[in-house]
Amino acid sequence: MKSISTLRKRARAVGYSIKQGFQHYTVSGAIFTNWNGERFPGYMVLDLATNCYVWGSYDEYYTYLWQLEDVENFLREVYERNGLTW
């Protein structure tokens, strides 16, 4: 797996930006925690052409759903779709 800094550079090269944060409820904006009060870190990917987040990195209920593996898989697909070398 690539480091976050490498993924950020590769995302920027194809028109995306990676945001890091904690899972939030989409309706209230409150941070989602487990029963111990621990927060769940995650990532969202922003499409710089449309200024919208990529569906899947959030859904109807939560934001910041992706882990680094998910971000890497998404970017790999974008590179392959555009004929670029990953």
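See above for the structure.
Described below are features of the structure shown in this document. Keep in mind it's a predicted model, so treat the numbers as computed, not measured.

Criteria and cut-off values
- Residues numbered from 1 in each chain as written.
- Predicted model: local features only at pLDDT ≥ 70, side-chain atom pairs only at ≥ 80, totals over all residues.
- Heavy atoms only, no water.
- Helix = DSSP H or I, 4+ residues; strand = E, 2+ residues; numbered from the N terminus.
- Buried < 20%, exposed > 50% of the residue type's maximum accessible area, 1.4 Å probe, protein only.
- Contact = heavy atoms within 4.5 Å.
- Areas by Shrake-Rupley, 256 points an atom, 1.4 Å probe, with all protein chains shown as cover.
- Lys, Arg positive; Asp, Glu negative; His and termini not counted.
- Charge placed at Lys NZ, Arg CZ, Asp CG, Glu CD.
- Salt bridge = Lys/Arg side-chain N within 4 Å of Asp/Glu carboxyl O.
- Axes fitted to C-alpha atoms, helices over the stretch in contact; angles between N-to-C directions.
- Left-handed = near helix turned anticlockwise from the far one by under 90°.
- Nonpolar A, V, L, I, M, F, W, Y, C, P; charged D, E, K, R; others polar.
- Core = buried A, V, L, I, M, F, W, Y, C linked by side-chain atoms within 4.5 Å.

1. As for the overall build of the protein chain
Moving on, step 1. Helix and strand counts for the protein chain stand at two helices and five strands.
Moving on, step 2. In sequence order, the secondary structure elements of the protein chain are arranged as α-β-β-β-β-β-α.
Moving on, step 3. By its C-alpha atoms, the protein chain is 45 × 25 × 15 Å across when sized along the principal axes.
Moving on, step 4. Within the protein chain, the fraction of its 86 residues that count as buried is 30%.
Moving on, step 5. Looking at the protein chain alone, contacts between residues at least 24 apart form 52% of all its contacts between residues at least 6 apart.
Moving on, step 6. Carbon and sulfur atoms make up 51% of the accessible area of the protein chain, which totals about 5,500 Å².
Moving on, step 7. Put simply, the protein chain has 9 plus and 9 minus side-chain charges, and the middle of one group is 12 Å from the middle of the other.

2. Structural notes on the pattern of salt bridges
In a structure, side chains of opposite charge can pair up when their charged atoms sit close to one another.
Moving on, step 1. Overall, the coordinates contain one salt bridge when judged by the stated rule.
Moving on, step 2. A salt bridge links Arg-76 to Glu-72; the shortest N-O distance between them is 3.2 Å. Placement of the pair is Arg-76 and Glu-72 together in helix α2 (residues 68-81), with a separation of four residues, close to one helical turn.

3. With respect to the packing of helix α1 (residues 4-13) against α2
Helix-helix packing is characterised by the crossing angle of the two axes and by the distance between the axes.
Moving on, step 1. Two elements in contact, α1 and α2, have axes separated by 11 Å at closest approach and are oriented at 30 degrees. In terms of crossing hand, the pair formed by α1 and α2 is left-handed. Between α1 and α2, the residues in contact are Ile-4, Leu-7, Arg-10, Ala-11 and Ala-13 and Leu-68, Val-71, Glu-72, Leu-75 and Tyr-79, respectively.
Moving on, step 2. Class assignment of the residues belonging to the contact of α1 with α2 gives a composition of eight nonpolar, no polar and two charged.

4. Notes on the nonpolar core
Moving on, step 1. Of all hydrophobic cores here, the largest spans 15 residues; its most connected members are Tyr-16, Ile-18, Val-45, Val-71, Phe-74 and Leu-75.
Moving on, step 2. For this core, the secondary-structure elements that each account for two or more residues are α1, β1 (16-22), β3 (41-47) and α2.
Moving on, step 3. It is α2 that provides the largest number of residues to this core, a total of six residues.
Moving on, step 4. Beyond its immediate chain neighbours, meaning those up to four positions away, Phe-74 contacts Tyr-16, Val-45, Val-54 and Trp-66.

By themselves, these are just geometric observations and shouldn't be taken as functional.
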